Every structure is written in C-alpha cells, then in structure tokens.
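Geometric and topological summary
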Amino acid sequence: MAFEGLTERLQNALGKLRKKGKVSEADVNTAMREIRMALLEADVNFKVVKDFINTVKKRAVGAEVLDSLTPAQQIVKIVDEELTKMMGEKAVPLNKAPHIPTIIMMVGLQGAGKTTTAGKLAYRLKTKEHARPMFIAADVYRPAAIDQLKQIGENIDVPVFEMGTDTDPVEIVRQGLTQASLQNNDYVIIDTAGRLQIDEKLMQELQNIKDLAKPNEILLVVDAMTGQAAVDVAEGFNKDLDITGVVLTKLDGDTRGGAALSIRAVTGKPIKFIGQGEKKNDLDIFYPDRMANRILGMGDMLTLIDKAQETYDKKQADDMAEKIKENSFDFNDFVAQMDQLQQMGPLEDILKMVPGMANNPALKNVKIDPKDIAHTKAIVYSMTPAEREDPDLLSSSRRRRIAAGSGRPIQEVNRMIKQFNQSKKVMNQMTKGNMKGMDQMLGG
Ligand code: GDP
C-alpha cells in the first residue's frame, strides 16, 4: 500500500497531541517537527514541506485552537485541510473541446505507464460516457508500443490508427485526425513516444505534434514510485509543453507518496487521475480531499461508496434493503452479497478504506484468503433450496449432511450459520433505527 510509512508517522505525531488534554505551543512545535521529517522522508519536495509546516503552525498556535475544548482534533483538521490544499483542493475534470473530437495527447517518460493509461482512459470514457474514442499510435521508436496499443484497442474495442514505424509522427497524427473526423470519433487519444530521460529532440517532436493537433488536454503520465524524480519530470515537461494535467501511476505499489503531495504545488498543474493497478479499470479520478484523508489514515469512505455504487445495481440494492427490512434475507442473498463484495476488489484493500482501519495493527498482515470465501460458498451450495430460503430448517442432522457435502468440518458449518443468524439480527435491528445493533457487530 502506498503511503504506509507516512500515514503511520503522521498518526504517531498527531496521536501524541491527542493524548494531551491541553496543548501548548511547544507541543505544536514538536508535532510539526515530526510531521516535517515524515513528509521529507516520504520524498515530498523540500520547499513544499516548508510552506506547509509554516501554514499549519500559524493556524494551529492561534488562541482559537489552543484554547478550544478539542485542540488536538482541530489541529488534525488543519493538517487535513492543508494537505488537501497542497494537492489542489478539488478534483479537476478532463478538458473538453466545444466540438468533437476532444483531443488528448499522452506524454511521459518510457515505462511511466503512458500506453496502459491511454487504454484505461479510453475504457473509462467508453463505459462512463458511452464515448467513441480512437487511438493514434504515434510512438514510432519502440515498435512494441504500436502492438501494445493495438492489443489494448482490441481488448476494449477501441480503434487504433497506425502507420507503422516509418512515417513521421506528426504526419501520422495529421492523418489520424482526418480519420477520426470521418469516423465521427468524439475523443482522440494520441500515444506519443517516451524516452528514458527528457531530451531536446523528444520535446521538439512533442511540440510539433502539439502545434498540429492543438490538443485540449496534454496529460503527463508519471510514475509515483519515482518520488521526487517524478516531480522533476513534471516540471520539465510542463516548462516545454505547458501540460494541462498529470496522471500519477502505480499508486497501488509501495510508494512513499511524495509525488502525489508535491506535483501540484511545484508545477501548478492538477493531478487529474491516479493509476492504481494494471487492469483496464484501475484508473480513478484524483480527489485531493480523499487523498488527504487516506494519507492521514482516516480511510477513504467516499471512494468505497463510489466503488460500491459502481458495483451494486440500484435495483438489487433496493431489493436487498427491502429483504433486510422484512427479515427475509436468506442464504441466496448472502451468496449474492459475497459475489458483489468480491467484485469491488481484494477485501483487505476494501477494509483499509474504512476510517480507522488503514493503520489498524490487526489488519497489518491480514490477507483475506479467497479460499475462505470459496469454502463459505461451498457450504451454502450444499444446502437444499428450501434450506437456503429458510435457515431455521437447519437441524443438526442437516448440518452434518451439509458438512459432508461441502467437504468442510461440521464446526465450520455451525460457525458460519451462527454468524449468518447474528448478522441478520444486527441488520434487522439497524433498519429499525436501533444503533445498538451496530455496537454488537463491532464487538462493543
Ligand atoms: P509507457 O512506456 O509509458 O507506455 O509504459 P507502459 O504503459 O508500457 O507501462 C509500463 C509498465 O507499468 C507496464 O508493465 C504496466 O502494466 C505498468 N503500469 C502502468 N500503470 C500502472 C499502475 O497504475 N499500477 C501498476 N502496478 N502498474 C502499472
């Protein structure tokens, strides 16, 4: 997980403040020193850290904070707000052309994830906006790049305009744009060449493509794992090309997170998307406030809710709520719920989005084994349809039969049924507005 070290250290520093009833200016200074070190170690740009600490300090030592009833909480809130500001405050949407097509030019160093991101972006536009994007393959230096783009195009059913590797990229883009207007594509995504480092020849070529295509969006793709180097790359590309936005990739990896925190402040350009995996739907809108919450270990409930909304069909969710209310939630619903939860991603990642869970030591090494879920399902599938609909039928002889049928020990069958009955009770109480149910569920 990204930001793990940073989150832990920030929580430590702020946790010490929380333990004090009264907070003095000296306490704030100590906490700020720790936060400063934590940010520098996470590879956040030096100047950005300095400005951040100064602002937080100035706000935190004011009488309205220190003399308030909850000084520590107020300071956490200030840190959260200033982290959000550092990253740009609000999500910035993709630029759109007044007339189709909207032209998006992807730029970045080799290996940053440009081609992969072009694919994810096209997939996003297709699925979220029902758009008809087209790719132009303008990376003629790396022959495999064209094949890679063609493969992605095939996979997500997006046409790729290419002219091999012998034509000048500017000419390819010119002809590609003509093709897009013939085909009535509403988005054109140009995949350009990358290099290992910024060099003048590459920048000139990109400038020529920019002059011809007049893109509405120049998205720079940078690899979050490279930390401060990613920020330098962003500065370089921005100086030459005046980029319009940044995509930060590989935030699913073990990055220290410095790039996410400094790019906006250093370049003045927004991070528009983050890449969090290699699959076609692993591209998310960058919300500075949610990212700040995630960094502070306050979870990322909003993303969780978004994911749930994407996965859960509204009607299904309504049906489920109705069943819970009527207390007719049965084992068939239980399995359907498990399937949907699994579609949202690895369960341990989902749990970490819940506030307070990100750094919960109990979760540190949790790996929820998909096998456990498979076992639970095997137990349910060994029930007869009547048993699934009416768990009260499950007598001990029936349970023994189910254990034999699913190949699971009888204790596991009993435990699973007990848990099911408990959750059902809790859910039922909660829908009746009795929050005690929630406490029980949390073991309170
Ligand atoms: P390009 O040279 O910039 O076009 O880079 P590619 O698109 O070929 O990506 C380089 C490698 O990074 C590939 O193995 C991608 O699968 C991988 N990659 C790209 N984005 C992400 C991401 O968000 N997370 C992870 N884990 N890998 C990524």
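Residues numbered from 1 in each chain as written. Predicted model: local features only at pLDDT ≥ 70, side-chain atom pairs only at ≥ 80, totals over all residues.

**Side note on the overall build of the chain**
The condition is simple: In this description a helix means any DSSP run of H or I spanning at least four residues, a strand means any run of E spanning at least two, and both kinds are numbered starting from the N terminus. To sort residues by burial, count the other C-beta atoms lying within 10 Å of each one's C-beta; a count of 20 or more means buried, 12 or fewer means exposed, and anything in between means partly exposed. C-beta atoms are built from the backbone. Placing C-beta atoms from the backbone, we regard two residues as in contact once those atoms come within 7 Å.
A count of helices and strands for the chain gives 21 helices and 8 strands. Burial statistics for the chain: of 444 residues in total, 36% are counted as buried. Contacts in the chain between residues far apart in sequence, at least 24 positions, make up 73% of those at least 6 positions apart.

**A closer look at the nonpolar core**
Defined as follows: Here a nonpolar core is just a set of buried residues of the types Ala, Val, Leu, Ile, Met, Phe, Trp, Tyr and Cys, joined wherever their C-beta atoms sit within 7 Å. Domain start and stop positions are those given by an automatic or database domain assignment.
If you look at the biggest cluster of nonpolar residues, it comprises 95 residues, and the most contacted ones within it are F135, V188, I189, I190, L220, V222 and L248. With 6 residues, helix 2 (residues 25-41) is the largest single contributor of residues to this core. Here this core gathers at least three residues from each of two domains, domain 1 (4-86) and domain 2 (102-286). Listed in part, the 8 residues of the second largest apolar core include I379, V380, M383 and V413.

**Here we look at the packing of helix 6 (residues 114-129) against helix 7 (residues 143-156)**
Worth spelling out the cut-off: Axes, fitted as lines to C-alpha atoms, cover a helix only where it is in contact. Angles between the N-to-C directions of the axes lie from 0 to 180 degrees. With respect to orientation, any angle under 35 degrees is reported as roughly parallel, any angle over 145 as roughly antiparallel, any angle of 65 to 115 as roughly perpendicular, and every other angle as oblique. Crossing handedness: left-handed means the near helix sits turned counterclockwise from the far one by under a right angle, and right-handed means the same turn made clockwise. Ten residues, namely Ala, Val, Leu, Ile, Met, Phe, Trp, Tyr, Cys and Pro, are considered nonpolar, four, namely Asp, Glu, Lys and Arg, are considered charged, and the remaining ones, Gly among them, are considered polar.
For the pair helix 6 and helix 7, interaxial distance at closest approach is 10 Å and the crossing angle is 20°. For the element pair helix 6 / helix 7, the angle class is roughly parallel. Note that helix 6 runs across helix 7; the crossing there is right-handed. Taken together, the residues of helix 7 that come into contact with helix 6 (itself represented by T115, A118, G119, A122, Y123 and K126) are A145, Q148, L149, I152 and I156. Along the lines of polarity and charge, the residues of the contact of helix 6 with helix 7 split into 7 nonpolar, 3 polar and 1 charged.

**Remarks on the site of the ligand**
Formally: The C-beta atom of each residue is placed using the backbone, and any residue whose C-beta lies within 6 Å of a molecule or strand is treated as near it.
Close to the ligand lie 19 residues, the nearest being G113, K114, T115, T116 and G275. Examining the composition of the shell around the ligand, we find that 3 residues originate from one element, helix 6, more than from any other.

**Regarding the UniProt feature "domain: SRP54-type proteins GTP-binding" (unreviewed entry) in the chain**
For clarity, the threshold we go by: UniProt positions are given in the numbering used here, feature names are shortened, and annotations may be inferred rather than shown by experiment.
The UniProt record annotates "domain: SRP54-type proteins GTP-binding" (unreviewed entry) at residues 101-297. End C-alpha atoms of residues 101-297 are separated by 41 Å, and the span's content is 46% helix alongside 20% strand.

**Section: the pairing of strand 5 (residues 217-223)**
The side chains of a regular strand alternate, first on one face of the sheet and then on the other. As a reminder of what qualifies: DSSP calls a pair of strands paired once it identifies at least 2 bridges connecting them.
For strand 5, the tally of buried residues reaches 7 of 7 residues, placing the bulk of the element in the interior. On strand 5, burial covers both faces: E217, L219, V221 and D223 on one face and I218, L220 and V222 on the other are all buried. Two elements, strand 1 (residues 102-107) and strand 5, share 4 bridges in a ladder whose sense is parallel. In the sheet register, V107 faces strand 5, and the bridge partner there is L220. Looking at chain direction, strand 5 and strand 6 (residues 245-249) are connected through 5 bridges and run parallel.

**Observations concerning the sheet that holds strand 3 (residues 160-161)**
Judged by pairing direction, the sheet is mixed, and its 8 strands sit side by side in the order 3-2-4-1-5-6-7-8 without closing on themselves. Strand pairing shows two members of the sheet lacking a second neighbour, strand 3 and strand 8 (283-285), which therefore form its edges. Helix-sheet contacts for helix 10 (residues 228-241) involve strand 1, strand 5 and strand 6, and the interaxial angle to strand 5 is about 160°.

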